[in-house]
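Descriptive analysis of the structure
Each chain, letter by letter, is given below.
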Amino acid sequence: MIRKRHLVLTAVLTAIVVWAVTSAFFVGIRIFDSEDSLLRARQIIIDNYVDPLTDEQITKLNDAAISAMVYSLGDQYSSYLNAEDFSSYQEDKKESYKGIGVSVNFNYETGALTVISPYDGSPAQKAGVLPGDVITKVGDRVVDATTYDAVIDYIKNGEDEEFTLSILRGEETLSVTVHREVVKRQSVAYKMLAEDVGYVRVSEFMHNTKEDFQSALDDLKSQNMQGLIIDLRNNPGGYADTVIDMTDSLLPKGVIAYLEDSHGRKQYFHSDDEALDLPMVVLINQGTASASELLAGSLKAHGLATIIGEKSYGKAVGQSVHPLSGTTAIYLTNSRYFTPNGDCIDGIGIEPDIKVTLAEELMGNLSLLEPEEDAQLTKALEVIRGKIATQE
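Residues numbered from 1 in each chain as written. Predicted model: local features only at pLDDT ≥ 70, side-chain atom pairs only at ≥ 80, totals over all residues. Heavy atoms only, no water.

This part takes up the overall build of the protein chain. Secondary structure summary: the protein chain contains 11 helices and 19 strands in total. With respect to the principal axes defined by its C-alpha atoms, the protein chain has extents near 120 × 50 × 35 Å. Burial statistics for the protein chain: of 392 residues in total, 41% are counted as buried. For the protein chain, the proportion of contacts with a sequence separation of at least 24, taken over those separated by at least 6, is 66%. Across the protein chain, 34 positive and 59 negative side-chain charges occur, with their mean positions spaced 9 Å apart. (Helix = DSSP H or I, 4+ residues; strand = E, 2+ residues; numbered from the N terminus. Buried < 20%, exposed > 50% of the residue type's maximum accessible area, 1.4 Å probe, protein only. Contact = heavy atoms within 4.5 Å. Lys, Arg positive; Asp, Glu negative; His and termini not counted. Charge placed at Lys NZ, Arg CZ, Asp CG, Glu CD.)

Let us now look at the nonpolar core. The nonpolar side chains of soluble globular proteins are, as a tendency, buried together. Counting 35 residues, the largest nonpolar core has Val 200, Leu 228, Ile 230, Leu 250, Val 282 and Leu 299 as its most contacted members. At the level of secondary structure, the elements contributing two or more residues to this core comprise β11 (197–202), α7 (209–222), β12 (227–231), α8 (240–250), β13 (254–260), β15 (280–284), α9 (291–301) and β16 (305–309). Ranked by residue count, the leading element in this core is α9, at 5 residues. Filtering out sequence-adjacent residues up to four positions away, Leu 299 remains in contact with Ile 230, Leu 250, Leu 251, Met 280, Val 282, Leu 304 and Ala 305. Phe 106, Leu 113, Ile 152 and Phe 163 belong to the second largest nonpolar core, which has 20 residues in total. (Core = buried A, V, L, I, M, F, W, Y, C linked by side-chain atoms within 4.5 Å.)

In this section: the packing of helix α2 (residues 36–48) against helix α3 (residues 55–71). The contact between α2 and α3 brings their axes to 11 Å, and the two run at 150 degrees. The orientation of α2 with respect to α3, classified from their angle, is roughly antiparallel. The crossing of α2 and α3 is right-handed. Counting all contacts with α2, which are made through Leu 38, Arg 42, Ile 45 and Ile 46, the residues of α3 involved are Ile 58, Leu 61, Asn 62 and Met 69. By residue class, the composition of the contact of α2 with α3 is 6 nonpolar, 1 polar and 1 charged. (Axes fitted to C-alpha atoms, helices over the stretch in contact; angles between N-to-C directions. Parallel < 35°, antiparallel > 145°, perpendicular 65-115°, else oblique. Left-handed = near helix turned anticlockwise from the far one by under 90°. Nonpolar A, V, L, I, M, F, W, Y, C, P; charged D, E, K, R; others polar.)

The final tally for this structure, using the stated rule, is 8 aromatic pairs. Plain terms: the ring middles of Phe 106 and Tyr 108 are 4.8 Å apart, the flat faces sit at 85 degrees to each other, and that makes the pair edge-to-face. Accessibility expressed as a relative area gives 6% for Phe 106, which makes it buried. For the ring pair Tyr 108 and Tyr 148, a centre distance of 6.0 Å and an interplane angle of 75 degrees mean the geometry is edge-to-face. Residue Tyr 108 is found in the loop between β3 (102–107) and β4 (112–118), and its partner Tyr 148 is found in helix α6 (residues 148–157); the two are separated by 40 residues along the sequence. On the accessibility criterion, Tyr 108 (35% relative accessible area) is partly exposed. Overall, Tyr 148 belongs to the buried group, its relative accessible area being 18%. The lysine or arginine in question, Arg 180, covers the ring of Tyr 154, its NZ or CZ lying 5.4 Å from the ring centre. Directly above the aromatic system of Tyr 77 lies the positively charged group of Lys 315, at a separation of 4.8 Å from the ring centroid. (Phe/Tyr/Trp six-rings, centres within 6.5 Å; stacked < 30°, edge-to-face > 60°. Lys NZ or Arg CZ within 6 Å of the ring centre and 35° of its normal.)

Glancing now at the side chain of Glu 204. When you line up the elements, Glu 204 lands in the loop between β11 and α7. With near-sequence residues (within four places) excluded, Glu 204 lies in contact with Tyr 119, Arg 185, Ser 187, Thr 209, Asn 235, Pro 236 and Gly 237.

Encoded structure:
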């Protein structure tokens, strides 16, 4: 009897142990859902890798995981900013920096580093770099997804003050020499082109662009401006609040544009009663992107400006920076913008009302051209003078 009890007790204890071990095993597998598995995977690696991980290795682990998540979106404008990238991003927002003065877009899938536009008066512009050029090599450094960060760092911080860019322009391969310089970002230039036609070139939208733009308009109006040409060619965009305020100064009361997020929530931007109330022409080309397309698209939708030039770049999505720590962040596309009539030109671009092409060799030197050398500007002058004449 005692032996039977002993056997029964042993069997019960064995069952309990087996149940406990089995349960623990399955709990280890099932207790974490798909969201928690990211943290669990990280902890498994840290706790169980054959060699203890250093702080540097753990940082690389975190960077790789977050970067992969953002990359999986397949969005060319979203990216993870590690400590080095975030520092570069903040540096790029300064009013001056050392480099070659060019706005680019990098596609991680194709490895293509495409020029959106060179800045006015920049080393890149002086060297003949054009919108749409694909930079394949910087010096002896081939540009691809694995070398992109190092290439950008070299452009800004390399020891060589002069280096070559290998460029793919259509089917032609070119090599140009550029000088690294301190690039001062002056975004507004203006002048009277004729006794009654004002001209304002906006190369990008920085924080002080609104004030400089308004000062330009005030000065031109004091010189009896009767019509305005706004030149947005090779303008890669910039701060949304700046372009909204500038567009407000041109439009009468109405909708400037609206944003829509992933939840379908819309944010409308309205202009007040004050407006320029003069005939306008806007110049665009394939280097006209993002915020500059918002301004051109809004004026076109309201029928207040004739758009002349070539089809614009086609970027109508907005990004915001989401800090993860003091040194890292996610740069994420979070909304699309629409013109007042509900058009989203992302991936499409704005078609000009009057198409006028410009020779490739002139596109990168717009600010250096005389009016008679610039076919697009010549057409703009013709159109604006016709508009002024009909109002007299």
